[in-house]
Amino acid sequence: MRNRKRASHLVSGRTVGIIGSLLVAVGLLGFSLDKHEGKKIIIVKDSIGSVAAFKQVYKVLQSPRCMNCHPSGDIPLQGDDNHLHAMSPRRGTDGMGMYAMKCSNCHQPTNAPGLHTPPGNPKWHLPPADMKMVFQGRTAHQLAKQLIDQNQNGHKSMDQLIAHASDTLVKGAWHPSEGRTLPPMSYAAFKKAWVTWLTKGAYAPAGK
Amino acid sequence: MITLNINQKDYQLDADPDMPLLWAIRDLAGLTGTKFGCGVAQCGACVVHLNGEAVRSCVTKVGRAAGQKIVTIEGLSQNNDHPLQVAWNEANVPQCGYCHSGQIMSAAVLLRENPNPTDEDIDMAMSGNICRCGTYPRIRAAIHLAAEMHRKANSSK
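Conventions and cut-offs
- Residues numbered from 1 in each chain as written.
- Chains lettered and ligands numbered in written order.
- Predicted model: local features only at pLDDT ≥ 70, side-chain atom pairs only at ≥ 80, totals over all residues.
- Heavy atoms only, no water.
- Helix = DSSP H or I, 4+ residues; strand = E, 2+ residues; numbered from the N terminus.
- Rg over C-alpha atoms; globule rule 2.2 N^0.38 Å.
- Contact = heavy atoms within 4.5 Å.
- Areas by Shrake-Rupley, 256 points an atom, 1.4 Å probe, with all protein chains shown as cover.
- Lys, Arg positive; Asp, Glu negative; His and termini not counted.
- Charge placed at Lys NZ, Arg CZ, Asp CG, Glu CD.
- Core = buried A, V, L, I, M, F, W, Y, C linked by side-chain atoms within 4.5 Å.
- Buried < 20%, exposed > 50% of the residue type's maximum accessible area, 1.4 Å probe, protein only.
- Phe/Tyr/Trp six-rings, centres within 6.5 Å; stacked < 30°, edge-to-face > 60°.
- pLDDT = per-residue confidence, 0-100.
- Expected span 1.5 Å × (residues − 1).
- Axes fitted to C-alpha atoms, helices over the stretch in contact; angles between N-to-C directions.
- Parallel < 35°, antiparallel > 145°, perpendicular 65-115°, else oblique.
- Left-handed = near helix turned anticlockwise from the far one by under 90°.
- Pairing = 2+ DSSP bridges.
- Buried area = accessible area lost by both parts, 1.4 Å probe.
- Salt bridge = Lys/Arg side-chain N within 4 Å of Asp/Glu carboxyl O.
- Polar contact = N/O pair within 3.5 Å; in protein donor to acceptor, adjacent residues only side chain to side chain.
- Nonpolar A, V, L, I, M, F, W, Y, C, P; charged D, E, K, R; others polar.

A. Representation of the overall build of chain B within the structure. Along the backbone of chain B there are six helices and five strands. Along the chain direction, N to C, the helices and strands of chain B fall in the order β-β-α-β-β-α-β-α-α-α-α. In terms of overall dimensions, chain B is globule-like: its C-alpha atoms have a radius of gyration of 15 Å, near the 15 Å expected for 157 residues. Seen along its three principal axes, the alpha-carbon backbone of chain B occupies a region of about 45 × 35 × 20 Å. Put simply, 56% of the contacts in chain B that link residues at least 6 apart link residues at least 24 apart. Carbon and sulfur atoms make up 48% of the accessible area of chain B, which totals about 7500 Å². In chain B, 14 side chains carry a positive charge and 15 a negative one; their mean positions are 2 Å apart.

Written out as structure tokens, the structure is:
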């Protein structure tokens, strides 16, 4: 009787030890640290939370203020109906336009006043020809995969992707010129969703 | 007072930094070759060169142009003998003439960056300059002619 009790106790302790080790290992797999400029980016993988956040991000990236400069072709889009930009300016090799229709020839550092005038930003341009970063026509799955692929996202690392939400041209979407609609959520909500998506593991929604 | 360097000459102008450059060029500096067409950067009549680039002066603020090099149609050449100006004359391009300052200034950037443009290059590069008189075929021919003049001038050197 005593031996059985002693044996039970030993088995129980070993089992606890094994289970505990397994728990630590699982925890480490779902938790990682990165560092950039002394600031720690903590990735805590949560596929459900990440995908839910990206679905919010996707709505913004498919809105005219973003997608118009991430077209599938080499002519930017224009307007809330995403028609081809009047005068058909072209992307050019570096995304800055060509000849007498370089982007900054018409798009000033700030919004021009009045309706039907060029909106402005100091960094007005398209992605370059060798990495077009197309949003137009991408499914949520495709776009999520593309955004974290350094061969398709402008060679951005995780910390650079997080910082990109603060880019002046990205933020410019929330200061459109007269007559242009805003993205479908506030900038603060978008940035929160963007960072959440990334820091919960940058999962792509299911699908193609 | 703001100093604008236009056609290699400094102009001291009593202009607000937010004034459209077109206003300053025409009304204050008295250079009326550059035209107002639409005021919203959609017609190209107001094109001038800012540090060599073809900006639309109707939406470009004086503040952006201050301290930079501005060239208007009057300053494209010293004796109106830029190949494009000569070609425009030889091909008898203008009808009413209103758009052609902007047409020539845009074409000058095209030829600087593409000395031997195809028809497709010209159509694509010049689609931001509109002409109500429809002189487009002659514009295209004049650009080809100017390119040829430039090639001949270079080959004889």
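B. Spatial organisation of the nonpolar core. Ranked by internal contacts, the top residues of the largest apolar core, which has 30 residues, are F54(A), L61(A), L147(A), F190(A), W194(A) and W197(A). Listed by contribution, the elements that provide at least two residues to this core are β2 (39-44), α2 (47-61), α3 (64-67), α5 (140-148), α6 (158-164) and α8 (187-199) of chain A. If we skip the residues at most four places from it in the chain, L147(A) touches F54(A), L61(A), F135(A), N153(A), L161(A), W194(A) and W197(A). Core analysis: the second largest hydrophobic core is formed by 26 residues, L84(B), L110(B), L111(B) and M124(B) among them.

C. Just the packing of aromatic side chains, in detail. Per the stated rule, a full pass over the model turns up seven aromatic pairs over all chains. Here the aromatic residues F54(A), Y58(A), W174(A), Y187(A), F190(A), W194(A) and W197(A) are joined through ring pairs into a cluster of three or more.

D. Up close: the confidence of the model for chain A. All names here are of chain A. Looking at chain A as a whole, its pLDDT mean stands at 88, while 81% of the residues score no less than 70. Across residues 1-8, confidence stays below pLDDT 50; counting only partners more than four residues off in sequence or on other chains, it has zero contacts. The model gives residues 34-38 a pLDDT under 50, and that stretch makes five contacts with residues more than four places away or in other chains.

E. The arrangement of α2(A) in detail. Residues and elements named next belong to chain A. Along its 15 residues, α2 runs 20 Å from first to last C-alpha, staying within 8% of the 21 Å computed at 1.5 Å per residue. Of all the positions in α2, only G49, S50, V51, A53, F54, V57, Y58, V60 and L61 are classed as buried. On its buried face, α2 is in contact with α3, α5 and α8.

F. Spatial organisation of the packing of α2(A) against α8(A). Residue and element names in this part refer to chain A. Two numbers describe how α2 lies on α8: the axes approach to 8 Å, and their chain directions differ by 135°. For the element pair α2 / α8, the angle class is oblique. When you trace α2 past α8, the crossing you get is left-handed. Between α2, through G49, S50, A53, F54, Q56, V57, V60 and L61, and α8, the contact on the second element is made entirely by F190, A193, W194, T196 and W197.

G. Representation of the pairing of strand β1 (residues 2-6) of chain B. All names here are of chain B. Counting buried positions over the five residues of β1 gives four, a clear majority of the element. Here β1 runs beside strand β2 (residues 9-13); their pairing, made up of five bridges, is antiparallel. Directly across from L4, in β2, lies its bridge partner Y11. One ladder, built from two bridges, connects β1 with strand β5 (residues 69-71); its direction is parallel.

H. Here's a closer look at the interface of chain B and chain A. Listed as interface residues are 20 residues of chain B and, on the opposing side, 19 residues of chain A. Between chain B and chain A, roughly 1700 Å² of surface is buried when both sides are summed, and carbon and sulfur atoms account for 58% of that area. The largest contributions to the chain B side of the interface with chain A come from V59(B), R64(B) and M124(B), which together make up 31% of the buried area. Seen at the junction of chain B and chain A, the total is two salt bridges. Here K102(A) ties to E113(B) by a salt bridge, and the two come within 2.7 Å at their closest N and O atoms. Summed over the shared surface of chain B and chain A, the result is 10 residue pairs in polar contact (both at pLDDT 80 or more). Secondary structure elements with two or more residues in the side of chain B that touches chain A: β4 (53-56), α4 (100-113) and α5 (119-126) of chain B. Grouping the constituent residues of the side of chain B that touches chain A by class yields nine nonpolar, six polar and five charged.

I. Seen up close, the pattern of salt bridges. Counted by the stated rule, this structure contains 12 salt bridges over all chains. Here D74(A) ties to K132(A) by a salt bridge, and the two come within 3.0 Å at their closest N and O atoms. Here the residue D74(A) occupies a position in the loop between α3 and β3 (77-78), and K132(A) occupies one in the loop between α4 (103-106) and α5, the gap between them amounting to 58 residues. K102(A) serves as the salt-bridge partner of E53(B), at 2.8 Å between the closest nitrogen and oxygen. Taken together, the residues E53(B) in strand β4 and K102(A) in strand β6 (residues 101-102) connect one chain to another. With a relative accessible area of 15%, K102(A) lands in the buried category. Several salt bridges converge on common partners, so that one network encompasses K102(A), E53(B), R112(B) and E113(B).

J. Representation of the confidence of the model for chain B in the model. For chain B, mean pLDDT is 97; residues scoring 70 or higher make up 99% of the total. Taken together, the chains of this predicted complex give a pTM of 0.87 and an interface ipTM of 0.94.

K. Looking closely at the side chain of H100(B). With respect to the element layout, H100(B) can be found in helix α4. Of the residues examined, H100(B) reaches a relative accessible area of 5% and is grouped as buried.

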